[in-house]
Amino acid sequence: MIIMAIIFVLMGVTLLAGGAWLITLGGSWYYAPAGIALVVTGCLVMRKRTSAQLVYALFLLFSAVWAIWESGLDWWPLAARLGVFLLLAIPLLFPARYGGRGGVFALASVWVVVGLITVSTLFTDVHRIEGQLTTERVIENPDTGNVPEGDWISYGRSNLGQRYSPLDQITPENVGQLELAWQYRTGDRKGPNDVTETTYEATPLKVGNTLYLCTPHNWLVALDADTGKKRWVYDAKVPAESQRQHQTCRGVSYLPPADSTTAVAAAGNSEAQALTPAEALDSKVCDAQLFMPTSDARLIAVDPATGARCSNFAEDGVLDLMHNMPFKQNGYYYATSPPVVANGKIVVAGSVNDNYDINSPSGVIRAYDVKTGELQWNWDSGNPDETAPIGEGETYATSSPNSWSVASADEELGLIYLPMGNRTPDQLGMYRSPAEEKYATSVVALSLETGKPAWVQQFVHHDLWDMDTPAQPSLVDIKTANGVEPGLVVPTKQGDVYVLNRKTGEPIIPITEKPAPKGAIPGDHTAETQPVSGLSFTPPKLTESDMWGASAIDQMICRIQFRSLRYDGRYTPPSEQGTIVYPGNFGVFNWGGIAVDPERQVMFGMPLYMAFTSRLVPKDGGEPTGPMNVGEQGLNENAGAEYSVELKPFMSPVGVPCQQPPWGYVAGADLRSGEIKWKHKNGTIKDMTPLSIPLKLGVPGIGGPIITGGGVAFLGATVDNYLRAYNVTDGEQLWEARLPAGGQATPMTYLNSKGEQMVVIVAGGHGSIGTTIGDYVMAYKLR
């Protein structure tokens, strides 16, 4: 009796105090009266008064009416608002201990009704969009890249970046028969001194009968595509001190030999490739070449058959990407994404650390001769008109916007398409030149021959929110009222998916400009308007009623935070007060991007909805103290600027998101009309709680999908460790396989030497989202 009374009183006092504070901030009036009701209940329980049940019954009824009014019949919001209160009612149903029977019937009646209503919402999904994508082949024999049907020779299968394979052995009818064919462990695992964001994000290539992939510490691994047996491993021996913000490798790039039939034969000759391990080889003149970028800013070329460095490329197969950089801080510049091999050139971009130093390396994009490594052109958004190779002793522009993700190319048009980031610091715009403002947070088309810009389409004006264009653009021809247009599909962090004419940059699906919030810090400014695509997964503006938590108390605290932070909707400027950034810089879409079906003219994606906060920390003549520059999240110094910046997810005190779920979906859209045809929650809480319950919540993730000619999409990515298959037409999940570690990578598919379709995903986990760490390559085929 005493314990229960104390629980009621303590919870009541907490809600009363917090609720009063919330009222002063202009928030909900529910919590303060609720706190009073709980205190009164506790006092009555202490005195064994029958009226305790009556008071609590009225409180529970009041809470249920308020909860349904605020959130509707939606399980997760109702459970957070009512779950604890329903549990606290149970002891009051036993009058022998807590008073007479007078109020028991009333409380029991309310408890049953409220409980049944709450539980019933488990079986409905108010967020689900039902529908179907067309099954019609809108375009017959579309361009899927110059790739043998059973291969996967670039990050997105080809330089078109479609993440589409025409293989059709696996269908919605038989995908349930997939089983593990083999697995391989690379041996490269996150160490105790690695940065937080040490991640496996690699998509393997498949050429002939060999798979090629890279690991976080830049080992290049060649595997037999039939068995997963190691052919060779090349270790780039990256120094540990080069790791600062990201330690990952998303993939490698492939140059076939002059005779492409020789390439397939050499790559498929397992006996020849198994002769000598790469560790025992030095270098050789290469015909075919593999390229791997490293986290210490090198580009390494090796022989696909043996793993030996290619002596014909750069300095014995190694190109130093720090040449002509204005600043050369260790670990501030590196490449995490595979470069593009096209028209005799290898085009290399790179990542510049966010928010470490206003004087950082350049984000320059450079093209080298693919055989010799000789610089052919350089395009620097800080100096965009000069693309002739830079001279000895000259330097590129300081901290200019970079392109850290994967590019795509149209070799017939002679254009490469680069998703552009921002100039560091992300949240401070006063350091940017007009040229940098023009090209930041955009997609830019450059001439493969000269590096000159053909066109640019910007997606955020004067970006203060780290809304880098994060994903490889997908090239797909779009059937329109004006005939077939060469399309370019670009997903963005803010949730808009832009469908452009890739020859001109003009929109195929309309783009409009909408007014944006104002009120930047002194010395900075905001754009009057921001672009919005006609195909958009952007979420509605957050409200206080969207706040969530594991209980009423931390939900109330989230509401207090919501009212205390600055938030005027999407593109609310950064502030010293602290700003809610929603969608957050984790992105509705990130580097995993989308997959497109060029026949059906449809896309499959994984939109995510996670709010973040940013806070500008004035230095006032001094430097900030405490842990800094330990990754993108936390306090970053911005050396040389007047403000540091603190970035973090918008979380409750118990470590769950303040914003109510779902946080993650799968979705399908028509690329001709821009209509979202279906959208379903994706992923479970199995690996998010100690209880390991596979309850579908719609969870975050990072990674990308693929689509196959059989009408099946494959996706890992989520924070529960699964690879899943979906029906592209309606989004229904068809199959799942438990992974031994986080699958935060994009899968791929190919034919083995027996003509069997395989599906492969790398499962090594992701440090930033806390999934299980491992070093696995998992391959599946039909039994």
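Quantities reported herein were computed from a predicted structural model and do not represent experimental measurements.

## Focus on the overall build of the protein chain
Working step 1: When helices and strands are tallied, the protein chain shows 10 helices and 42 strands.
Working step 2: For a compact globule of 783 residues, the expected C-alpha radius of gyration is about 28 Å, and the protein chain comes in at 28 Å, within 12% of that figure.
Working step 3: For the protein chain, the C-alpha atoms occupy an extent of roughly 90 × 65 × 55 Å along the three principal directions.
Working step 4: The contacts in the protein chain between residues at least 6 apart in sequence include a share of 66% that link residues at least 24 apart.
Working step 5: If the 57 positive side-chain charges of the protein chain are averaged to one point and the 78 negative ones to another, these points end up 9 Å apart.

## Some points on the pattern of salt bridges
A pair can form between side chains of opposite charge whenever their charged atoms are brought close.
Working step 1: Taken as a whole, this structure holds 30 salt bridges when the rule is applied.
Working step 2: Of the charged contacts, one joins Glu646 and Arg615 as a salt bridge, the two residues approaching to 3.1 Å between their closest N and O atoms. With Glu646 in strand S33 (residues 643-649) and Arg615 in strand S31 (residues 612-618), this residue pair connects regions lying 31 residues apart in the sequence.
Working step 3: Linking Arg672 and Asp670 is a salt bridge whose minimum nitrogen-to-oxygen distance equals 3.7 Å.
Working step 4: Residue class for Arg672 comes out partly exposed when judged on its relative accessible area of 33%.
Working step 5: Each member of the salt-bridge network shares a partner with another, and the members are Glu70, Arg81, Glu544, Arg559 and Arg563.

## Observations concerning the side chain of Glu437
Working step 1: Along the chain, the position of Glu437 falls in helix H9 (residues 434-439).
Working step 2: On the basis of relative accessible area, Glu437 is assigned to the buried category, the value being 18%.
Working step 3: Glu437 has contacts with Arg432, Gln458, His462 and His525, leaving out every residue within four places of it along the chain.

## Things to note about the packing of helix H1 (residues 2-24) against helix H10 (residues 552-564)
Working step 1: Interaxial distance between H1 and H10 falls to 10 Å at its minimum, and their mutual angle equals 15 degrees. Put simply, H1 runs roughly parallel to H10. Between H1 and H10 the crossing geometry is left-handed. Where H1 abuts H10, its residues Met11, Thr14, Leu15, Gly18, Gly19, Trp21 and Leu22 lie against Ala552, Ile553, Met556, Arg559, Ile560 and Arg563.
Working step 2: By residue class, the composition of the contact of H1 with H10 is eight nonpolar, three polar and two charged.

## A word on the packing of aromatic side chains
Working step 1: Here the structure, examined in full by the defined rule, presents 25 aromatic pairs.
Working step 2: Residues Phe714 and Trp735 carry aromatic rings whose centres are separated by 6.4 Å and whose planes lie at 75 degrees to one another, so their mutual orientation is edge-to-face. Taken together, the residues Phe714 in strand S37 (residues 712-715) and Trp735 in strand S39 (residues 733-738) connect sequence positions 21 residues apart.
Working step 3: Positioned above the aromatic ring of Tyr665, the side-chain terminus of Lys679 is 4.6 Å from the ring centre.
Working step 4: Here Arg738 stacks its cationic end above the ring of Tyr722, 5.0 Å away from the centre of that ring.

## Quick word on the sheet that holds strand S1 (residues 164-165)
Working step 1: Sheet architecture is open: five strands sit in the order S1-S36-S37-S38-S39, paired in mixed fashion. Strand pairing shows two members of the sheet lacking a second neighbour, S1 and S39, which therefore form its edges.
Working step 2: Note that S1 and strand S36 (residues 705-708) share two bridges and pair parallel. In the strand pairing of S36, Tyr164 is matched with Ile707.

## With respect to the state of the cysteines
Working step 1: A full pass over the atoms with the stated rule returns three disulfides.
Working step 2: Each sulfur of the disulfide joining Cys286 and Cys310 lies 2.1 Å from the other. Between Cys286 and Cys310, the S-S dihedral sits near -95 degrees, and the bridge is therefore left-handed. In this pair, Cys286 is assigned in the loop between strand S8 (283-284) and strand S9 (289-293) and Cys310 in strand S11 (residues 309-310), connecting sequence segments 24 residues apart. This pair shows no difference in class: Cys286 is buried, exactly as Cys310 is.
Working step 3: Bridging Cys558 to Cys658, the disulfide has an S-S length of 2.0 Å. Negative torsions about the S-S bond denote left-handed disulfides, and the value of about -75 degrees found for Cys558 with Cys658 makes this one left-handed.

## Some details on helix H3 (residues 51-71)
Working step 1: For H3, built from 21 residues, the straight-helix expectation of 30 Å at 1.5 Å per residue is met to within 8% by its first-to-last C-alpha distance of 30 Å.
Working step 2: Among the residues of H3, Ala52, Gln53, Tyr56, Ala57, Phe59, Leu60, Ser63, Ala64, Trp66, Ala67, Glu70 and Ser71 are the ones counted as buried.
Working step 3: Following H3 by one or two positions, Gly72 adopts a phi angle in the positive range, close to 70 degrees.

## Some words on the pairing of S31
Working step 1: S31 sits mainly inside the fold: five of its seven residues count as buried.
Working step 2: Pairing analysis gives three bridges linking strand S28 (residues 579-581) to S31, with the strands arranged antiparallel. Bridge pairing links Val581 to Phe612 in S31.
Working step 3: By the bridge criterion, seven bridges tie S31 to S33 in an arrangement that is antiparallel. Bridging across to S33, Ser614 finds its partner in Leu647.

## With respect to the side chain of Asn585
Working step 1: Relative to the helices and strands, Asn585 is located in the loop between S28 and strand S29 (595-597).
Working step 2: A polar contact of 3.0 Å, which involves the side chain of Asn585, links it to the side chain of Asp466.
Working step 3: Beyond its immediate stretch of four places on either side in the chain, Asn585 contacts Trp465, Asp466, Met467, Lys493, Asn590, Phe612, Glu632 and Leu647.

## What to know about the sheet that holds S31
Working step 1: Taken together, the four strands give an open sheet; going across it, the order is S28-S31-S33-S32, and neighbouring strands pair in antiparallel fashion. Two strands in the sheet have a free side with no partner beyond their single neighbour: S28 and strand S32 (634-636). Averaged over all pairs of adjacent strands, the angle between strand axes in this sheet comes to 25 degrees, irrespective of strand direction.

## Remarks on the confidence of the model for the protein chain
Working step 1: Looking at the protein chain, the pLDDT average stands at 93 and 95% of residues meet or exceed 70.
Working step 2: A low-confidence stretch, residues 261-280 stays under pLDDT 50, and its non-local contacts, those more than four residues away or across chains, total 32 contacts.

## Description of the environment of Ala641
Working step 1: Mapped onto the secondary structure, Ala641 falls in the loop between S32 and S33.
Working step 2: Separated by 160 residues in the primary sequence, Ala641 and Ala481 place their C-alpha atoms 51 Å from one another.
Working step 3: Apart from the residues within four sequence positions on either side, Ala641 is in contact with Ile358, Leu428, Tyr431 and Lys619.

## As for the nonpolar core
Working step 1: Ranked by size, the top nonpolar core spans 57 residues in total, and within it Trp182, Leu220, Phe714 and Trp735 carry the most contacts.
Working step 2: In terms of residues, this core owes the most to one element, strand S41 (residues 757-763), which gives six residues.
Working step 3: Core analysis: the next-biggest nonpolar cluster, separate from the first, contains 34 residues, Leu22, Leu82, Leu86 and Leu88 among them.

## Let's talk about the pairing of strand S15 (residues 345-348)
Working step 1: Residues Lys345 and Val347 point to one face of S15 and Ile346 and Val348 to the other, with burial holding for every one of them.
Working step 2: Following strand S14 (residues 340-342), the chain reverses through two residues before pairing antiparallel with S15; Asn343 in that reversal takes a positive phi of roughly 50 degrees.
Working step 3: Relative to strand S17 (residues 365-369), S15 runs antiparallel, the two being bridged by four bridges. Within S17, the residue paired with Val347 across the bridge is Ala367.

## Points about unusual backbone geometry
Working step 1: Between Thr424 and Pro425 the backbone carries a cis peptide bond, its omega angle lying at 0 degrees.
Working step 2: With respect to the helices and strands, the residue Pro425 is situated in the loop between strand S20 (415-419) and H9.
Working step 3: Located in the positive-phi region is Arg163, a residue other than glycine, with phi close to 55 degrees.
Working step 4: Look at Asn343: it is not a glycine, yet its phi comes out positive at around 50 degrees.
Working step 5: By the element assignment, Asn343 lies in the loop between S14 and S15.

Criteria and cut-off values
- Residues numbered from 1 in each chain as written.
- Predicted model: local features only at pLDDT ≥ 70, side-chain atom pairs only at ≥ 80, totals over all residues.
- Heavy atoms only, no water.
- Helix = DSSP H or I, 4+ residues; strand = E, 2+ residues; numbered from the N terminus.
- Rg over C-alpha atoms; globule rule 2.2 N^0.38 Å.
- Contact = heavy atoms within 4.5 Å.
- Lys, Arg positive; Asp, Glu negative; His and termini not counted.
- Charge placed at Lys NZ, Arg CZ, Asp CG, Glu CD.
- Salt bridge = Lys/Arg side-chain N within 4 Å of Asp/Glu carboxyl O.
- Buried < 20%, exposed > 50% of the residue type's maximum accessible area, 1.4 Å probe, protein only.
- Axes fitted to C-alpha atoms, helices over the stretch in contact; angles between N-to-C directions.
- Parallel < 35°, antiparallel > 145°, perpendicular 65-115°, else oblique.
- Left-handed = near helix turned anticlockwise from the far one by under 90°.
- Nonpolar A, V, L, I, M, F, W, Y, C, P; charged D, E, K, R; others polar.
- Phe/Tyr/Trp six-rings, centres within 6.5 Å; stacked < 30°, edge-to-face > 60°.
- Lys NZ or Arg CZ within 6 Å of the ring centre and 35° of its normal.
- Pairing = 2+ DSSP bridges.
- Disulfide = S-S within 2.5 Å.
- Expected span 1.5 Å × (residues − 1).
- Polar contact = N/O pair within 3.5 Å; in protein donor to acceptor, adjacent residues only side chain to side chain.
- pLDDT = per-residue confidence, 0-100.
- Core = buried A, V, L, I, M, F, W, Y, C linked by side-chain atoms within 4.5 Å.

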